[in-house]
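# Topology and contacts: notes
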Amino acid sequence: MKRINEVSGWIFFLFLLVFLYSLMHYYIFMKAHVAFRFSDRAGSWLVFLMAFLIFAVLLGYLVERIISRSMARLMFNIGYIWFGISFYFVLVHLLIDAYRIPVYAGGFLSNRDFSNTIPSSKTAFYVSLMLSAVLNIYGYFEAKNIRTERVVIKTPKLPKGSNSLRIVQISDVHLGVTIGAKRLKRIIEEVKKAKPDILVSTGDLVDSARCNIERLIQPLREIQATYGKFAVTGNHEFYWGISQAAKFIKKVGFTLLRGEGITVAGLINIAGVDDHAAKHFGQASKVSEKDLLSKLPSEIYTLLLKHMPAVDKQALGHFDLQLSGHSHKGQFFPLNLITPYIYEFGTGLLDLPNHSRLYVSRGTGVWGPPIRILAPPEITVIDLVRA
């Protein structure tokens, strides 16, 4: 019964997304019709085109499994790029429509005509389209501009003789549709520059669409870290298929931690837990974070890898630093203004009770539209320094 309720929840959520996206397209259609007064025949063709664009991503998943991955990649790119363009077109045009309200209200109250300050329907359409294109072009290049965020943490828990330990975090790379060989090369270059002692991936290394990512295995294998590479699952590993995702992660040289904790070279404890999506696929862990962490030697610095930026209060004090991602800091404006109301914790380094800390990454790649605006991608370099 619980499984049925979860499936029903996913179907309702998908239906809601399609409904809202369809409303966006109805708005665009009406604005285009008012601006250009096209014929019924042209309108019919536009409706057909919009229906294709609404379902392009969903069709991509079907094409990937039935026809070919290359065609699916094309479908995904069309769907995601169009989403970015249509999103900002609607946002800008809504602002123009909102501007009309005070203009008409002012004219009514002052008994004067200010309509000449309102752009025509055609001008408003072109302005919205132009600004949307500019924002998407900017966001495309911003998404390629990976920042290196540096954090220094002093701790007495490093053993004598080890004055520092460098941890490099990548998160939410989303290899597959929008992150292919070229963007991965840039990520690898930045990671290699950092010279990690330990490299960690905090989930969503792979996307829910495969799109021939096997060719990316060798470049990822070339990344070396002195004491190893460690990863945990994100929600997209389960969307793709956890068995396939796990095989890929292990092939590229990561130790996948799924409710496990290990002590690495006597220097640091590293524990990792599955993303909460595991429970929707019948793979929820039966071990609590507190029980998992309490088995590790407490005198050694303990690192907890967890995809979602959520903290188990029972585990506080049992880990020194939790590394998370998932939120992408909204990825693009104005969604980055909404994420603080969705997630309890923002991005960056945060102090928690009982001497624990949390670092939330903005993510290294992109998901959906290949853009980032006011939420640049990052790799994180964390230097633990013996105090």
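Refer to the structure above for everything that follows.
Moving on, we get to the sheet that holds strand β12 (residues 378-386). One open sheet holds the 6 strands; their spatial order is β1-β12-β2-β3-β4-β5, and the pairing between them is mixed. Each end of this open sheet is capped by a strand with a single partner; those strands are β1 (147-155) and β5 (255-256). Note: strand β2 (residues 164-170) against β12, 6 bridges, orientation antiparallel. Pairing of L165 across the sheet is with L384, part of β12. Set on the sheet, helix α6 (residues 181-194) makes contact with β1, β2, β3 (198-202) and β12; between it and β2 the angle comes to about 170°.

This part takes up the packing of helix α3 (residues 56-66) against helix α4 (residues 69-110). Packed helices, taken two at a time, are described by their axes: the angle between them and the distance between them. The N-to-C vectors of α3 and α4 enclose an angle of 170°; their axes lie 8 Å apart at closest approach. Comparing their axes, α4 and α3 come out roughly antiparallel. Contact residues: α3 offers A56, V57, L59, G60, Y61, V63 and E64, while α4 offers R69, M71, A72, M75, F76, G79 and Y80. Residues belonging to the contact of α3 with α4 are distributed by class as follows: 10 nonpolar, 2 polar and 2 charged.

Let us now look at the packing of aromatic side chains. Evaluated as defined, the whole model comprises 18 aromatic pairs. Taken together, a centroid distance of 6.3 Å and an interplanar angle of 85° make the contact between W45 and F48 edge-to-face. In this pair, W45 and F48 both sit in helix α2 (residues 40-54), 3 residues apart, roughly one turn of the helix. Considered together, W45 and F48 belong to a single accessibility category, that of exposed residues. With 6.0 Å between their ring centres and 25° between their planes, F83 and F87 make a pair best called stacked. Of this pair, F83 and F87 both sit in helix α4, 4 residues apart, roughly one helical turn. Note on F87: relative accessible area 16%, which makes it buried. A network of ring pairs unites the aromatic residues Y21, F83, F87, Y88 and F332 as a single cluster. We note K229 situated over the ring of F254; from NZ or CZ to the ring centre the distance is 5.4 Å.

The next thing to look at is the pairing of strand β6 (residues 260-264). Pairing geometry for β6 and strand β7 (residues 268-272), over 5 bridges, is antiparallel. Bridge pairing in β7 links V264 to I268. Between β6 and β7, which pair antiparallel in sequence order, lie 3 residues; one of them, A265, sits at a positive phi of approximately 55°.

All right, on to a nonpolar patch on the surface then. Nonpolar side chains collect at one region of the surface, where L14, F55, L58, L59, L62, I66, I67 and M71 lie side by side and expose about 730 Å² of accessible area between them. Broken down by element, the residue count for the nonpolar patch peaks at 4 residues, all from α3. Structurally, F55 is set in the loop between α2 and α3. On the basis of relative accessibility, which here comes to 35%, the residue F55 falls in the partly exposed class.

For the rest of this paragraph, the subject is the packing of α4 against helix α5 (residues 121-144). In the contact formed by α4 and α5, the axes pass within 8 Å of each other and the chain directions differ by 135°. When the axis of α4 is compared with that of α5, the two are oblique. The chirality of how α4 crosses α5 is right-handed. Here α4 contributes G84, I85, Y88, F89, V92, H93, I96 and R100 to the contact with α5, which in turn contributes A124, F125, V127, S128, L129, L131, S132, L135 and N136.

The next point concerns the side chain of N136. By secondary structure assignment, the location of N136 is in helix α5. Overall, N136 belongs to the buried group, its relative accessible area being 11%. Looking at N136, its side chain comes within polar contact range of the main-chain oxygen of S132, at 2.8 Å. Residues contacting N136, with those up to four places away along its chain left out, are G84, I85, Y88 and I371.

Procedures and definitions
- Numbering of residues starts from 1 in each chain and follows the order in which that chain's sequence is written.
- Totals for whole chains, interfaces and linings use every residue, but because this is a predicted model, local features are given only for residues with pLDDT of at least 70 and side-chain atom pairs only at 80 or more, for both listing and counting.
- With hydrogens and water set aside, each side-chain value is computed from the structure's full complement of heavy atoms.
- Only strands joined by at least two bridges in the DSSP assignment are considered to pair.
- Strands are runs of DSSP state E lasting at least two residues, helices are runs of H or I lasting at least four, and both sets are numbered from the N terminus onward.
- A contact between two residues is defined here by any heavy atoms of the two lying within 4.5 Å.
- Simply put, an axis is a line fit to the C-alpha atoms, just over the touching stretch for a helix, and the angle between two N-to-C directions goes from 0 to 180 degrees.
- Comment on the angle field: the value is read as roughly parallel under 35 degrees, roughly antiparallel over 145, roughly perpendicular from 65 to 115, and oblique elsewhere.
- Any residue outside Ala, Val, Leu, Ile, Met, Phe, Trp, Tyr, Cys, Pro, Asp, Glu, Lys and Arg is labelled polar, Gly included; the first ten of those are nonpolar and the last four are charged.
- Each Phe, Tyr or Trp ring, with Trp reduced to its six-membered ring, pairs with another whose centre is within 6.5 Å; inter-plane angles below 30 degrees give stacked pairs, above 60 give edge-to-face pairs, and intermediate values give tilted ones.
- Type-normalised accessible area, obtained with a 1.4 Å probe on protein chains alone, sets the label of each residue: buried when under 20%, exposed when over 50%, and partly exposed for intermediate values.
- In our convention, an over-ring charge means Lys NZ or Arg CZ found within 6 Å of a ring centre and within 35 degrees of that ring's normal.
- Residues forming no salt bridge and having over 30% relative accessible area are the ones grouped into patches, like charges within 9 Å of each other and nonpolar side chains (Val, Leu, Ile, Met, Phe, Trp, Tyr) within 5 Å.
- For the accessible areas, the method is Shrake-Rupley and the probe is 1.4 Å, while residue cover comes only from the protein chains on display.
- A pair is scored as a salt bridge if a Lys or Arg side-chain nitrogen falls within 4 Å of a carboxyl oxygen belonging to Asp or Glu.
- Crossing handedness follows the turn of the near helix against the far one: under a right angle anticlockwise gives a left-handed crossing, and clockwise gives a right-handed one.
- Polar contacts here mean pairs of N or O atoms no more than 3.5 Å apart (in protein, one a potential hydrogen donor and the other a potential acceptor; neighbouring residues in sequence count only if both atoms are side-chain atoms).

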